[in-house]
Amino acid sequence: MDYEERKASSQDLSFTILESGLKEKAGIEKINLDILKTLNLFNKDGYYNITGNYWRIGMISLFQELMC
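Cut-offs applied
- Residues numbered from 1 in each chain as written.
- Predicted model: local features only at pLDDT ≥ 70, side-chain atom pairs only at ≥ 80, totals over all residues.
- Heavy atoms only, no water.
- Core = buried A, V, L, I, M, F, W, Y, C linked by side-chain atoms within 4.5 Å.
- Buried < 20%, exposed > 50% of the residue type's maximum accessible area, 1.4 Å probe, protein only.
- Helix = DSSP H or I, 4+ residues; strand = E, 2+ residues; numbered from the N terminus.
- Phe/Tyr/Trp six-rings, centres within 6.5 Å; stacked < 30°, edge-to-face > 60°.
- Lys NZ or Arg CZ within 6 Å of the ring centre and 35° of its normal.
- Arc of directions from axis to C-beta.

Caption draft 1: Layout of the nonpolar core. Counting 11 residues, the largest nonpolar core is built from Ala8, Leu13, Phe15, Leu18, Leu22, Ile31, Ile35, Leu36, Leu41, Phe42 and Tyr48. Contributions of two or more residues to this core are made by helix H1 (16-26) and helix H2 (33-38).

The following block contains the structure:
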């Protein structure tokens with residue numbers, strides 16, 4: 001099984017930091033599943049994969065460091 005195919009332990013994920021960056025840099029108003037699939041954060045079988053989970057955790061940690 002590829003790493004990207006592993007299901008994330010939590011399926012209640014949000015990507016507000018990513019969405020904010022995409023708004024600012026690419027003019028994308030709202031993240032949808034097609035974007036998450038393209039970025040390899042959401043599996044074609046209908047679940048967030050482990051990459052999405054780790055990406056989200058990393059971005060939250062980075063945001064918290066920047067705000068301190």
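Caption draft 2: Spotlight on the packing of aromatic side chains. For the structure shown, the criterion picks out 2 aromatic pairs. Geometrically, the ring pair formed by Phe15 and Tyr48 is tilted, given 5.8 Å between the ring centres and 40° between the ring planes. Linking Phe15 in the segment before H1 with Tyr48 in strand E2 (residues 47-48), this pair joins segments that are 33 residues apart in sequence. Here Phe15 matches Tyr48 in class, with each residue buried. Measuring from centroid to centroid gives 5.0 Å for Phe42 and Tyr48, while their planes differ by 85°, and the two rings are edge-to-face. For the pair Phe42 and Tyr48, one class covers both residues: buried. Its end group placed over the ring of Tyr47, Lys7 keeps NZ or CZ at 5.7 Å from the ring centre.

Caption draft 3: Quick peek at H1. Buried within H1 we find Leu18, Glu19 and Leu22. Summarising the axial view, the buried residues of H1 lie within an arc of 100°, below the 170-degree limit, and thus occupy one face. Every exposed residue of H1 that faces more than 90 degrees away from the buried side is listed here: Thr16 and Glu24. At the C-terminal side of H1, Gly27 shows a positive phi close to 75°.

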